Amino acid sequence: MIELTLQDLNASSSDITASALISSDGLPIATALPHDVIADRVGGMTAALLALGNRATRELRCGTMSQVTVQGDDGLIVLVQASPESLLIITAKHEAKLGLILLSARQAVKQMSEWIEK
């Protein structure tokens, strides 16, 4: 069901190019990634971004981290905390509207919440 939700998420906007649910220690739980992208590598990088985001929010007294956004020349990477043990990663086109991507991400997390908790 999580993979179906990720596929629906990718199909919900032409701006979303990929998505995955990753455990907080970097293990892929479910993915909807292009075939040439290595899920384990994405998981490792996601775990590193999560650790940096958590440390930065603590050090700068910004509370608990809920999302990390990375913008490159050709696209966006958005990490959204899905549960204490997992996060949703979404990649999107450069011209994507971040607010709509975040709305789609939160809706996907809500749909997956019962399976994430198991």
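Below, the structure is looked at part by part.

By the criterion of burial, strand E1 (residues 16-23) is predominantly enclosed, with seven of the eight residues buried. Pairing analysis gives seven bridges linking E1 to strand E5 (residues 86-93), with the strands arranged antiparallel. Its bridge partner being in E5, Ser23 is matched across the sheet by Ser86. In the sheet, E1 pairs with strand E2 (residues 28-32) via four bridges, with the strands oriented antiparallel. In the strand pairing of E2, Ala20 is matched with Thr31. Here E1 folds back onto E2, and the loop between the two strands holds four residues, one of which, Gly26, carries a positive phi near 95 degrees.

Time to look at the packing of helix H1 (residues 2-12) against helix H3 (residues 98-116). Two numbers describe how H1 lies on H3: the axes approach to 10 Å, and their chain directions differ by 170 degrees. Considered as vectors, H1 and H3 are oriented roughly antiparallel to each other. Contacts between H1 and H3 involve Ile2, Thr5, Leu6, Leu9 and Ser12 from the first element and Ser104, Ala105, Ala108, Gln111, Met112 and Trp115 from the second.

Basis of the calculations
- Residues numbered from 1 in each chain as written.
- Predicted model: local features only at pLDDT ≥ 70, side-chain atom pairs only at ≥ 80, totals over all residues.
- Heavy atoms only, no water.
- Buried < 20%, exposed > 50% of the residue type's maximum accessible area, 1.4 Å probe, protein only.
- Helix = DSSP H or I, 4+ residues; strand = E, 2+ residues; numbered from the N terminus.
- Pairing = 2+ DSSP bridges.
- Axes fitted to C-alpha atoms, helices over the stretch in contact; angles between N-to-C directions.
- Parallel < 35°, antiparallel > 145°, perpendicular 65-115°, else oblique.
- Contact = heavy atoms within 4.5 Å.

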